[in-house]
Amino acid sequence: MRFEIITHCGRRSDSACRNGFAYRYNTPTLHTRSLLADFRPSLQADSLTAVPPPQPHRPTPQDAPPAAADYGVYRILDASYNRASEGLRTIEDYARFVRNDPALSRHAKQLRHDLAAAFATLPRQHLLSARDTPGDVGTTIQTASEQIRPSAVAVATAAAARCQQALRSIEEYVKCIYPEVAPRIEAIRYQTYTLEAALQGLSQAAERLAGARLYALIEGGESNEALAQTIRTLATAGVDILQLRDKRLDDRTLYERTRAATAEVAAIDTAQRPLLIVNDRADIAAAAGADGVHVGQEELPLAAVRRIVGPDGIVGVSTHNLSQAQQAQRDGADYIGCGPTFTSRTKSFAEFPGLEFLKQVAKQLSLPAFAIGGIDATNVDQVLATGIPRVAVSAAITAAESPPQAAAELKQILSKWSLFAPRT
Ligand SMILES: Cc1ncc(COP(=O)(O)OP(=O)(O)O)c(N)n1
Ligand SMILES: Cc1nc(C(=O)O)sc1CCOP(=O)(O)O
Ligand SMILES: [Mg+2]
């Protein structure tokens, strides 16, 4: 992604930009947030929008009672300020309580404070005295779309749009009385576009993970086309996450298989598109454009993996006891594998934490947890009874006479259970 610092907006008079920098991102991408993190050191410590610190409000001729002609402008500024602040708070709540994302939360909170600082330079008593909620003809105007909010991210996205509109209104009308405030509002408005891009981009992968029940581990197959065919049939059968796990392949072949798998998954209709995870290799996952990587207790630590796949990459961690599961959650894993549960045809183990471990995880952890190890349609009910509604399997599907049929049967059993069973 490329972005530019605009110090003199050619299309507007110098005065409009004299005091402020506007940061405009040309092509917001999923990595906007990580770039912003890189860019932040050059911004003022206490603000995301590089603007002069708020000057204390000094009496000016404007502090005389507002001229009748300005009364309506103060009403607009007061209402739009409240709308923008409420919108930023709504985004912050989503980032903090739904996404558990500290950077996104901090970004929204800082913009709310930047907006308050910009308004601190306006005479507050004029804004309050112009407020006339009972006389506001707009309070009863409702549209049908305002009542439709299908998901938490839809709420946050609608809040971002409302916030941008309110900030644009402030930016234009404040020029009537305090033109020097307009560039500060413009800089905040551009930051809300970055927020909106991050909400959109991050939530799609996170929401698909949150809704995932059936996770299949597959090998690289004999060719890219054979792998693509496997991906198509398992996605159609309802597999939510595909993990490319093939210890036989050299790096070059694993990379090529992952590239082919990434392209195949991208061509699948959104409603049936599985997440694509690479086993062990964060470098290959990142280089090939997969959705993420799965690492065991002996692979790179999560912090190192996160640096490779970036803040938007999905990172799963294998866990074999409650302590490892709790540590993975503390480290910021997006999901965990919990096993081995039963004897596996794919990998041998000396110890089996089994169903007891699953019960502990179901009671004490909040991130998505996939039971793994020897699970198939004959014993999956025992897993579900522990309170874990998600499973990761290999042989139950790949060694079945009809892998898509085995996948569909497992998915049908899993779909009967809520993903968010109450913790007993
Ligand atoms: C979903 C899921 N859970 C656990 C594992 C096991 O990963 P790991 O311990 O790294 O062992 P290998 O798969 O590398 O043999 C997994 N791959 N996926
Ligand atoms: C790769 C792997 N890891 C496990 C763990 O417990 O960490 S169990 C396992 C094998 C999963 O294959 P199947 O479904 O055929 O048993
Ligand atoms: Mg591994």
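Presented here is an overview of the structure given in this document. The structure presented is a predicted model; accordingly, all values stated were derived computationally and were not measured.

The rules behind each value
Residues numbered from 1 in each chain as written. Chains lettered and ligands numbered in written order. Predicted model: local features only at pLDDT ≥ 70, side-chain atom pairs only at ≥ 80, totals over all residues. Heavy atoms only, no water. Near = heavy atom within 4 Å. Polar contact = N/O pair within 3.5 Å; in protein donor to acceptor, adjacent residues only side chain to side chain. Areas by Shrake-Rupley, 256 points an atom, 1.4 Å probe, with all protein chains shown as cover. Donors = N, O, S within 2.8 Å, 3.2 Å for Na, K, Ca; no water. Helix = DSSP H or I, 4+ residues; strand = E, 2+ residues; numbered from the N terminus. Buried < 20%, exposed > 50% of the residue type's maximum accessible area, 1.4 Å probe, protein only. Contact = heavy atoms within 4.5 Å.

1. What to know about the site of ligand 2
Residues in close proximity to ligand 2 total 15 residues, the closest being Ser344, Thr346, Gly374, Ser394 and Ala395. For ligand 2, an oxygen atom lies 2.9 Å from a polar atom in the backbone of Pro340. One nitrogen or oxygen atom from the side chain of Thr346 is found 2.5 Å from an oxygen atom belonging to ligand 2. Out of a free accessible area of 420 Å², ligand 2 has 94% covered by protein chains.

2. What about the coordination of the magnesium ion (ligand 3)?
Every protein donor of the magnesium ion (ligand 3) is accounted for by Asp280 (OD), Glu299 (OE) and Glu299 (OE), and the metal-donor separations fall at 1.9 to 2.8 Å. You can see Asp280 sitting in the loop between strand E5 (275–279) and helix H10 (282–288) and its partner Glu299 sitting in the loop between strand E6 (292–295) and helix H11 (302–309), a full 19 residues away along the chain.

3. Here's the deal with the environment of Arg75
Looking at the element boundaries, Arg75 is found in helix H3 (residues 68–98). Given a relative accessible area of 28%, Arg75 falls into the partly exposed group. Considering only alpha carbons, one finds Arg75 and Leu128, 53 residues apart in sequence, at a separation of 8.3 Å. If we skip the residues at most four places from it in the chain, Arg75 touches Ala130, Asp132, Gly135 and Asp136. At a separation of 3.4 Å, a polar atom in the side chain of Arg75 contacts the main-chain carbonyl oxygen of Asp132.

4. Observations concerning the site of ligand 1
Every one of the 16 residues lining ligand 1 counts as a neighbour, but Gln243, Arg245, Lys247, Ser318 and Lys347 are closest to it. Here Gln243 contributes a side-chain N or O atom positioned 2.9 Å from a nitrogen atom of ligand 1. The separation between an oxygen atom of ligand 1 and a polar side-chain atom of Arg245 is 2.7 Å. When ligand 1 is considered free in solution it has 420 Å² of accessible area, and contact with the protein chains removes 92% of it. Mapped onto the shell around ligand 1, the elements with two or more residues apiece are strand E3 (214–218) and E6.

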